[in-house]
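The chain contents come next:
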Amino acid sequence: MPIEPVRWAHDRLELLDQTLLPLREVVRHYARWEDVADGIRTLVVRGAPAIGVAAAYGVVLAARESHAKTYDALAADLETAIKGLAATRPTAVNLFWALERMRRTALGLAGQSPEAVRVRLLAEAETIRAEDIAANRAMGAHGVALVPDGARILTHCNAGALATAGYGTALGVIRAAHERGKVALVWVDETRPVMQGSRLTAWEMVYEGIPHRLIPDVAAGSVMAQGEVDMVVTGADRIAANGDTANKIGTYAVAVLAQHHRVPFYVAAPFSTIDASLASGREIPIEERDASEVRRTGAHQTAPEDSPVYNPAFDVTPAALITAIITEHGIFRPPYRFV
Ligand code: MRU
C-alpha cells in the first residue's frame, strides 16, 4: 500500500495525522476549510508539496461550505478561504502556488453556476495531487543517475511520501535508487526540534524496508569525516531564481559540512517549489515557530520555561553549496537561472 498523506474520499478531505507518527496512524476527516488551515498550521499535514495539495482541497471545501447562489457571492467566499489558507505558513511556496492555481480556475469560470464551479474546483485539486505524484516519480527517475552503486545517502527532515501527495522528492530519489538495488544505507538526521527525520523519515524507511540508520543532527559531520556518506539529498520549501534554497532548519549546516568533506549535496524539488519572482534566498520569508518546540522534546521539558528561544523553522542554503537540483524536468547544475 502506498503512503497517502492527503486524499479526497467520501466528499471529505482525509489527512494522515503526522503529529502522531510514528506511534499512531490516525486519519482525520475535514469538511471545513478553516479546519484544514488549522491542520496545516499545527503540522497535521506538512512538507511543501503536501501543504499545497491540502490547501487546494481546502478551497474545494470552501466552495462546498458556501451557500452562495451566484458566481460573485461564491467568488467572495472563496477569496476569504484562500486568504485564510495562505496565512497558515509563510515559507513553502507550494502553498501559494496551489492557492493561485485554484483562484485562477475559479476566475476562469466567471458567470457560471456555483455548482459548476464546485465540480471544476474538485477536478483541479485532484489534478494538482496527481501531478505531484507524477512529478515525484519523474524526479526519482532522473535522480537515480546521480546515485552511485552501494550508496550511503544522508538526508535531513522528511521529504518523503508524507511531505508530498505520494512517493516523495528527496525520498523519491532514494526510493527509485533502492528499487534498483543501489542503496546501501540512508543516514537519517533526526531533525530537531520537531523530529521530522526520526518520527517521519525513519517511519517511511521502516515501512519500505530501506536500510537506514538514525543519527542525532550533531553527528552528521562526524559520519562524513569518517567517509561514511557518498551523497546528501534533501527537499526544498522554496527555491529562488538563483538556486538559493530554503529547507528545514539545519539543512544549511549539512550543506556546509558536505562541501568541507567533498560530498555532493543535492536538492530534489518540483517546479512548484521554485519561486522565480525572488532573485535570491535573502527574500525568502522564514517562519518562526513557537518557543515550546525548542524548550521541550515531545512531552518532556528540556529547558527552563523562562529561557528565551529563537526557533526558525527553515534556513537558506546558498546555491554555491548545491551540486545539482533534481526536478521533474531533469537535473539542473550551477549557475542556476530559474525564470
Ligand atoms: O516544517 P515542515 O515539516 O513542513 O518542513 C518540511 C521540509 O522542510 C521539507 O524538507 C520540504 O518541505 C520538502 S518536502 C518534499
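Structural data are supplied above this passage.
Residues numbered from 1 in each chain as written. Predicted model: local features only at pLDDT ≥ 70, side-chain atom pairs only at ≥ 80, totals over all residues. Heavy atoms only, no water.

Trainee: Mind showing me how you'd approach the side chain of glutamate 204 here?
Mentor: Tracing the backbone through its elements, the reader meets glutamate 204 in helix 7 (residues 196-208). If near-sequence neighbours (up to four positions away) are discounted, glutamate 204 is found in contact with Ile3, Asn158, Gly160, Ala161, Leu162, Leu171 and Arg175. (Helix = DSSP H or I, 4+ residues; strand = E, 2+ residues; numbered from the N terminus. Contact = heavy atoms within 4.5 Å.)

Trainee: How do you make sense of the packing of helix 1 (residues 33-41) against helix 3 (residues 71-86) when you look at a structure like this?
Mentor: Helix packing for two helices is described by the angle between their axes and how far apart those axes are. Between helix 1 and helix 3, whose axes approach to 9 Å, the crossing angle comes to 15°. Considering their axes alone, helix 1 and helix 3 lie roughly parallel with respect to each other. The interaxial crossing formed by helix 1 with helix 3 has right-handed handedness. Within the contact between the two elements, helix 1 uses Trp33, Val36, Ala37 and Ile40 and helix 3 uses Thr80, Ala81, Gly84 and Leu85. Looking at the contact of helix 1 with helix 3 residue by residue, the class counts come to six nonpolar, two polar and no charged. (Axes fitted to C-alpha atoms, helices over the stretch in contact; angles between N-to-C directions. Parallel < 35°, antiparallel > 145°, perpendicular 65-115°, else oblique. Left-handed = near helix turned anticlockwise from the far one by under 90°. Nonpolar A, V, L, I, M, F, W, Y, C, P; charged D, E, K, R; others polar.)

Trainee: Please clarify how unusual backbone geometry should be interpreted in this entry.
Mentor: Trans peptide bonds make up most of the peptide bonds, and negative phi angles are found at most residues other than glycine. Residue proline 22 is reached from leucine 21 by a cis peptide bond, and omega for that bond is 10°. Here proline 22 shows up in the loop between strand 2 (12-16) and strand 3 (27-30). Residue proline 335 follows proline 334 across a cis peptide bond; omega there is 0°. Phi is positive for histidine 10, close to 50°, though the residue is something other than glycine. Mapped onto the elements, histidine 10 comes out in the loop between strand 1 (6-9) and strand 2. Residue class for histidine 10 comes out exposed when judged on its relative accessible area of 70%. Within the chain, aspartate 11 stands out as a residue other than glycine whose phi angle is a positive 65°. Positionally, aspartate 11 belongs in the loop between strand 1 and strand 2. (Buried < 20%, exposed > 50% of the residue type's maximum accessible area, 1.4 Å probe, protein only.)

Trainee: What is the right way to read the site of the ligand from this model?
Mentor: Taken together, the neighbourhood of the ligand is formed by 18 residues, with Arg46, Arg89, Asp237, Asn247 and Lys248 sitting nearest. The backbone of glycine 47 places a nitrogen or oxygen atom 2.9 Å from an oxygen atom of the ligand. One of the side-chain N or O atoms of lysine 248 is found 2.8 Å from an oxygen atom in the ligand. When isolated, the ligand has an accessible area of 410 Å², and the protein chains bury 99% of it. Where the shell around the ligand is concerned, the elements lending two or more residues are helix 2 (48-65) and strand 9 (245-248). Among the residues forming the shell around the ligand, the class breakdown is seven nonpolar, seven polar and four charged. (Near = heavy atom within 4 Å. Polar contact = N/O pair within 3.5 Å; in protein donor to acceptor, adjacent residues only side chain to side chain. Areas by Shrake-Rupley, 256 points an atom, 1.4 Å probe, with all protein chains shown as cover.)

Trainee: In this structure, what is going on with the nonpolar core? I would like to understand it.
Mentor: Nonpolar side chains tend to gather and get buried jointly when the protein is soluble and globular. Residues Val6, Leu13, Leu78 and Leu121 are the most contacted members of the largest nonpolar core, which totals 41 residues. Broken down by secondary-structure element, the contributors of at least two residues to this core are strand 1, strand 2, helix 1, helix 2, helix 3, helix 4 (93-107) and helix 5 (114-143). Of all the elements, helix 2 adds the most residues to this core, at 12 residues. Discounting residues that sit within four places of it in the chain, leucine 121 has contacts with Val59, Val60, Ala63, Leu78, Met102, Thr105 and Ala106. (Core = buried A, V, L, I, M, F, W, Y, C linked by side-chain atoms within 4.5 Å.)

Trainee: What am I meant to see in the sheet that holds strand 8 (residues 238-240) here?
Mentor: Sheet architecture is open: four strands sit in the order 11-8-9-14, paired in mixed fashion. Edge positions in the sheet fall to strand 11 (274-275) and strand 14 (314-317), since each has one partner strand and no second. Sheet topology places strand 8 next to strand 11; two bridges connect them, and they run parallel. By the bridge assignment for strand 11, alanine 240 is matched with aspartate 275. (Pairing = 2+ DSSP bridges.)

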